[in-house]
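Descriptive structure summary
Chain residues, written in single-letter form:
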Amino acid sequence: MRPLDALAKVCADVRPGEPAEGVLGVEPALVAAPKDLTEAADVMRVAAEKGLVVVPRGAETRLDWGTPPERCDLLVDTHRLSKLIDHTAGDLVAKAEAGLSMDVLGEKLAERGQRLALDVPLPGSTVGGTIASGAAGPLRTMYGTPRNLVIGITVVRADGQVARSGGKVVKNVAGYDLGRLFSGSYGTLGLIVEATFRLHPICAASAYVVCAVNGAEDAHDAVQSVLHSPVAPSAVEYIGPGTVAVLLEGVPDGVAARARQTAELLGENAESSETAPDGWGRYPDGTTLIDISAPPPSLRDVLTLLGPDVALTWSGSGHGQVGLAAEMTPEDVADVLGRLRDVLGRHRGHAVVRYAPEEVRGEIDLWGPIPALALMRRVKDQFDPDHRLSPGRFVGGI
């Protein structure tokens, strides 16, 4: 039986792929959109029986991250997996399907005064895509990344078997922690179908304290002064060129007092506002996006290398993004990336290219040195022994 016919027996929404649906230029032969966990498992089982290479797709907001798959026999579209399965407000826990938009999830949780404390730099991003890419923004300073907020996950393995980890309570630590393992896995270990998150209340008040800085030394000193103070910021962000912004959350009187204290730390140019400054929580402009990570003091060296006018965001957690302009040649990008990795390496940090034009990708190593690559290969072999899940999409060709 042809793969299309076999898949049509277990999933009502199956069709041939189209050129416009290509993953970094690799056109899918077939597209299937399961409506629930049962259909998702059946689709993956048939794919295994037919030896199909599978690539998951959410809302395509980060489908251009990473490297092209070796091939794409089947694109599994999660847009029909879009339910908020459960919201147990008393326990600060919510369970959602992978195709649910993070924006819609945020609206539903807000109706009961709660939130998932993850930024959404790209509108329309899905639950599954956010976990698979490990994406986070300024709020990671206080609340962490998807791997810190996922307390339960349901996935379908390469062979079509359903696997679950965690549960509906925050302190559940039984079993293999698939939530952490699948965070940032780029669809190479299995199909994420459902996830359970730890939530936080929406704060009664918030304030942004913003200050202009002049050069690497001023930016470094401003960020460090806040991080080493008792103001307890939810986020500290350098937004290039030349702005440091601090988010404070809590009860109204407390936020007001901490905002005044933060303004004193940042100097006479600091101003307080109830609205986020321009660029807050968004990726910097540019056709090449480089994700950087190192201890917070490395900001000074990064700015010294890149210059004051670079498109850069940098969180107090020591994580940021660099945007490189379209005018830069592939050789220029390779040069900047190499020097950036040298600087970050001195701080035991790293730089990963999230997306770049095709001609740039051909000239650079997107991932850089990965000390844990041998371990990651063993995990890949255990979860996907035939290497049929997004092969080539992740580091080292995994």
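This text goes with the structure placed above it.
What you see is a predicted model, and the numbers here were worked out from it, not measured in a lab.

1. Considering the packing of aromatic side chains
Taken as a whole and assessed by the stated rule, the structure comprises six aromatic pairs. A centroid spacing of 5.5 Å and a plane angle of 80° characterise the contact between Y186 and W367, whose relative ring orientation is edge-to-face. Taken together, the residues span a long stretch of sequence, with Y186 in the loop between helix 7 (178-182) and strand 10 (191-198) and W367 in the loop between helix 12 (358-361) and helix 13 (373-383) at a distance of 181 residues. For Y186, a relative accessible area of 9% corresponds to the buried category. For the pair Y208 and W280, a centre-to-centre distance of 5.2 Å together with 80° between the ring planes defines the contact as edge-to-face. With Y208 in strand 12 (residues 205-212) and W280 in the loop between strand 15 (271-273) and strand 16 (288-293), the pair connects residues that are 72 residues apart, well separated along the chain. By relative accessible area, which is 12% here, Y208 ends up buried. Its relative accessible area of 11% is what places W280 among the buried residues.

2. Description of the nonpolar core
Within the largest apolar cluster, 54 residues are counted, with the highest numbers of intra-cluster contacts made by Y238, I290, I292, L312, V322 and L340. Among residues more than four places away in sequence, those in contact with Y238 are V213, A219, T243, V244, L299, L303, P308, L312, T313 and W314.

3. A word on the pairing of strand 6 (residues 93-97)
Here strand 6 lies mainly inside the structure; four of its five residues are buried. Bridge count for strand 5 (residues 84-88) against strand 6 is four bridges, and the pairing is antiparallel. Considered in strand 6, the bridge of T88 is made with V93. Linking two consecutive strands that pair antiparallel, namely strand 5 and strand 6, is a turn of four residues; a positive phi of about 55° is found at L92 within it. In this sheet, strand 10 lies alongside strand 6 in antiparallel orientation, the contact comprising five bridges. Bridged to V93 within strand 10 is R198.

4. With respect to unusual backbone geometry
Across the junction of G240 and P241, the peptide omega takes the value 0°, indicating a cis bond. Residue placement: P241 occurs in the loop between strand 13 (235-239) and strand 14 (243-250). Here the phi dihedral of Y186 falls at roughly 60°; this positive angle occurs in a residue that is not glycine. For S390, which is not glycine, the phi dihedral falls at a positive 45°. Mapped onto the secondary structure, S390 falls in the segment after helix 13.

Reading the values: rules and limits
- Residues numbered from 1 in each chain as written.
- Predicted model: local features only at pLDDT ≥ 70, side-chain atom pairs only at ≥ 80, totals over all residues.
- Heavy atoms only, no water.
- Phe/Tyr/Trp six-rings, centres within 6.5 Å; stacked < 30°, edge-to-face > 60°.
- Helix = DSSP H or I, 4+ residues; strand = E, 2+ residues; numbered from the N terminus.
- Buried < 20%, exposed > 50% of the residue type's maximum accessible area, 1.4 Å probe, protein only.
- Core = buried A, V, L, I, M, F, W, Y, C linked by side-chain atoms within 4.5 Å.
- Contact = heavy atoms within 4.5 Å.
- Pairing = 2+ DSSP bridges.

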